[in-house]
Amino acid sequence: MSLLADVFTIVAVLAGLVFFIAGTAGLLRFPDTASRLHALTKADHLGLGLIVLGLLPRAGGMGGALRLLAIWGLVLVSSAAVGPMVARLTRGPEGRE
Amino acid sequence: MIADLLLAAAILAVAVASILARRTFTAVALFIAYGLLLSLAWVRLSAIDVALTEAAIGAGLSGVLLLGAVRRLASRAEAPANPPPGAAMTVLIGIACACVAAALGAVILLLPEPAPSLAPQVAANLPTTGLGNPVTGVLMSFRALDTLLESAVVLLAVICVWSLTPDGGWGGAPGAAQPILGDGPLLLLARILPPLGIVVAVHILWVGKDAPGGKFQAAAILAAMWLLPWMAGLVAPPRIAARWLRLTVAVGPVVFIAIGLAGAVTEGAFLAYPPGWAMPLILVIEIVLTASIAVALALLVIGPPVPEP
């Protein structure tokens with residue numbers, strides 16, 4: 001059982017890291033702000049989500065697991081708020097590029 | 001071990017990059033990253049209290065204040081560039097820097113082994129305070145004077161920011177008017193995050209007596225929970241002439257000083273707590289100081305009043 005949990009943790013965290021690496025590569029390589037934001041949100045949402053999922057069996061009880069999920073939820077909401085703010089700033093007040 | 005080495009290397013790299021950055025905005029962005037990496041280092045050193053404060057105050061609040069300073073500086077004329085120093089001056093600067101580095105290195109190498117520590121005394125005397133967190137014991141009992149001065153410095157900083165008020169703005173609402181957003185994710189965040197954040201801040205304040213946490217961390221979160229609806233245009237900051245606002249900012253240090261003076265009368269020493277009363281008194285000071293510091297930190301970010309057009 002613990003072996004199964006370990007395998008689950010390793011696979012999920014590694015999958016999360018793949019999204020983080022892809023997101024970082026996109027942030028560095030993509031040409032304009034909108035595409036970079038697109039890459040960044042993938043790391044935030046899926047990457048962190050998979051890492052949280054992988055760490056759940058190791059959270060040590062309900063409280064720790066709920067805290068991890070709360071962190072993921074808060075990051076989701078805040079990056080959802082920050083993304084459009086950055087996008088609006090780069091487009092300027094009149095909505096032009 | 002490898003992770004620690006990577007972390008230390010990353011901190012050094014970000015610090016150097018922040019100093020070398022040509023644009024002030026880049027330098028500040030790197031400084032914020034530096035603060036966050038530094039708080040990770042404090043976590044690795046098991047100094048959770050310091051890590052929380054570094055992340056909240058060192059990286060978060062200072063970063064926001066510096067970004068505000070960058071924006072204010074950008075609107076002014078470019079400062080005239082200093083002429084590059086001559087050859088002799090360059091050599092002198094190099095020698096002086098080398099001396100400072102050598103002195104720092106010598107100090108580190110000359111530290112006695114084992115390093116001097118007051119930790120055993122703190123651990124021995126902690127039960128007299130009724131607290132479980134040695135950091136809070138040091139901050140609120142053994143070195144309460146330092147904490148009192150710190151809280152007074154925050155108050156002083158608010159006065160300094162307000163003293164930058166341009167003509168015609170005194171007493172008015174602080175900060176530039178925020179754009180009113182009809183709809184959007186920021187508005188949603190500003191509505192759903194404050195209830196959660198306030199609960200987290202109260203929790204961090206309350207556990208501070210027994211576990212990592214305390215008033216500065218809680219106050220930084222509370223300040224953010226006020227700034228978020230302000231940025232979203234949901235609430236307007238009160239006029240700085242408002243009596244309750246000034247009272248709230250001042251009440252924390254005043255209560256701290258009053259309890260300290262009461263200790264001077266009853267126990268014969270400033271900031272001495274009567275036996276058995278240490279924990280309740282510390283709790284009162286912590287709660288009142290949290291309110292004062294939270295409002296003060298938010299006012300620092302909001303900035304001085306702007307004259308009404």
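Computed from a prediction, not measured in an experiment: that's the story for all the values here. Residue positions are counted from 1 within each chain, in the order its sequence is given. Here chains are named by letter from A upward and ligands by number from 1 upward, in the order in which they appear as written. Given that this is a predicted model, residues contribute local features only at a pLDDT of at least 70 and side-chain atom pairs are listed and counted only at 80 or more, while totals for whole chains, interfaces and linings are drawn from all residues. Computation of side-chain values: all heavy atoms of the structure, hydrogens and water removed.

Chemist: Talk me through the domain arrangement of chain B; I want residue IDs and the actual numbers.
Modeler: All names here are of chain B. Note that the domain bounds reflect an automated or database-derived domain assignment. Segmentation of chain B into domains returns domain 1 (1-73) and domain 2 (131-309). Taken together, the contact between domain 1 and domain 2 spans ten residues of the former and eleven residues of the latter. Roughly 940 Å² is buried in total at the junction of domain 1 and domain 2, and carbon and sulfur atoms are behind 75% of that figure. For domain 1, the biggest contributors to the area lost against domain 2 are D49, L52 and L61; these three give 47% of the whole. Salt bridge, as used here, is a side-chain nitrogen of Lys or Arg placed within 4 Å of a carboxyl oxygen of Asp or Glu. Across the contact surface, domain 1 and domain 2 share zero salt bridges. Whenever two N or O atoms come within 3.5 Å, that pair is a polar contact, provided that in protein one can donate a hydrogen and the other can accept it, and provided that, for residues adjacent in sequence, both atoms are side-chain atoms. Our count for the contact surface shared by domain 1 and domain 2 stands at three residue pairs in polar contact (both at pLDDT 80 or more). Considering only residue class, the side of domain 1 that touches domain 2 consists of seven nonpolar, one polar and two charged. Contact definition: two residues touch when any of their heavy atoms are within 4.5 Å. The term buried area refers to how much accessible surface (probe radius 1.4 Å) is lost by two components on association, counted for both of them together. When residue character is reported, Ala, Val, Leu, Ile, Met, Phe, Trp, Tyr, Cys and Pro are called nonpolar, Asp, Glu, Lys and Arg charged, and the others, Gly included, polar.

Chemist: Let's hear about the interface of chain A and chain B: which residues, and what values?
Modeler: Opposite the eight residues of chain A that make contact, chain B presents eight residues. Roughly 610 Å² of surface becomes buried between chain A and chain B when both sides are summed, with 86% attributable to carbon and sulfur atoms. The largest per-residue losses of area from chain A upon contact with chain B belong to A:V77, A:A81 and A:M85, which jointly make up 52% of the total buried on that side. Counting the contacts that link chain A with chain B gives zero salt bridges. The tally of links between chain A and chain B comes to zero residue pairs in polar contact (both at pLDDT 80 or more). The class makeup of the residues in the side of chain A that touches chain B is six nonpolar, one polar and one charged.

Chemist: Hey, could you go over the packing of helix 3 (residues 48-74) of chain B against helix 9 (residues 215-231) of chain B for me, with residue numbers and the actual values?
Modeler: All names here are of chain B. For helices, the fitted line uses only the C-alpha atoms of the stretch in contact; every axis is such a line through C-alpha atoms, and the angle between N-to-C directions lies from 0 to 180 degrees. Under the DSSP-based scheme used, a helix requires at least four consecutive residues in state H or I and a strand at least two consecutive residues in state E, with every element numbered from the N terminus. Put simply, helix 3 and helix 9 touch, their axes get as near as 9 Å, and they point 30° apart. Between helix 3 and helix 9, the interaxial angle falls into the category roughly parallel. Here the hand of the crossing between helix 3 and helix 9 comes out left-handed. Together, D49, L52, T53, A56 and I57 of helix 3 and F216, Q217 and A220 of helix 9 make up the contact between the two elements. Oblique is the label for any angle not covered by the other classes, which are roughly parallel (under 35 degrees), roughly antiparallel (over 145) and roughly perpendicular (65 to 115). The crossing is said to be left-handed when, going from far helix to near helix, the turn is anticlockwise and less than a right angle, and right-handed when the turn is clockwise.

Chemist: How would you summarise the nonpolar core if you had to cite specific residues and measurements?
Modeler: All names here are of chain B. Ranked by internal contacts, the top residues of the largest apolar core, which has 38 residues, are W162, F256, Y273, I285, L297 and L299. Within the residue set of this core, elements represented by two or more residues are helix 3, helix 7 (144-162), helix 9, helix 10 (243-266) and helix 11 (278-302). Sort the elements by how many residues they give to this core and helix 11 lands first, with 14 residues. Aside from chain neighbours lying at most four places away, what touches L299 is V158, W162, P174, W226, L245 and V249. A190, M225, L228 and A232 belong to the second-largest nonpolar core, a separate cluster that totals nine residues. Nonpolar core, defined: a set of buried Ala, Val, Leu, Ile, Met, Phe, Trp, Tyr and Cys residues in which side-chain atoms within 4.5 Å join the residues together. Accessible area is worked out with a 1.4 Å probe on protein chains only. A residue is then buried under 20% of its type maximum, exposed over 50%, and partly exposed in between.

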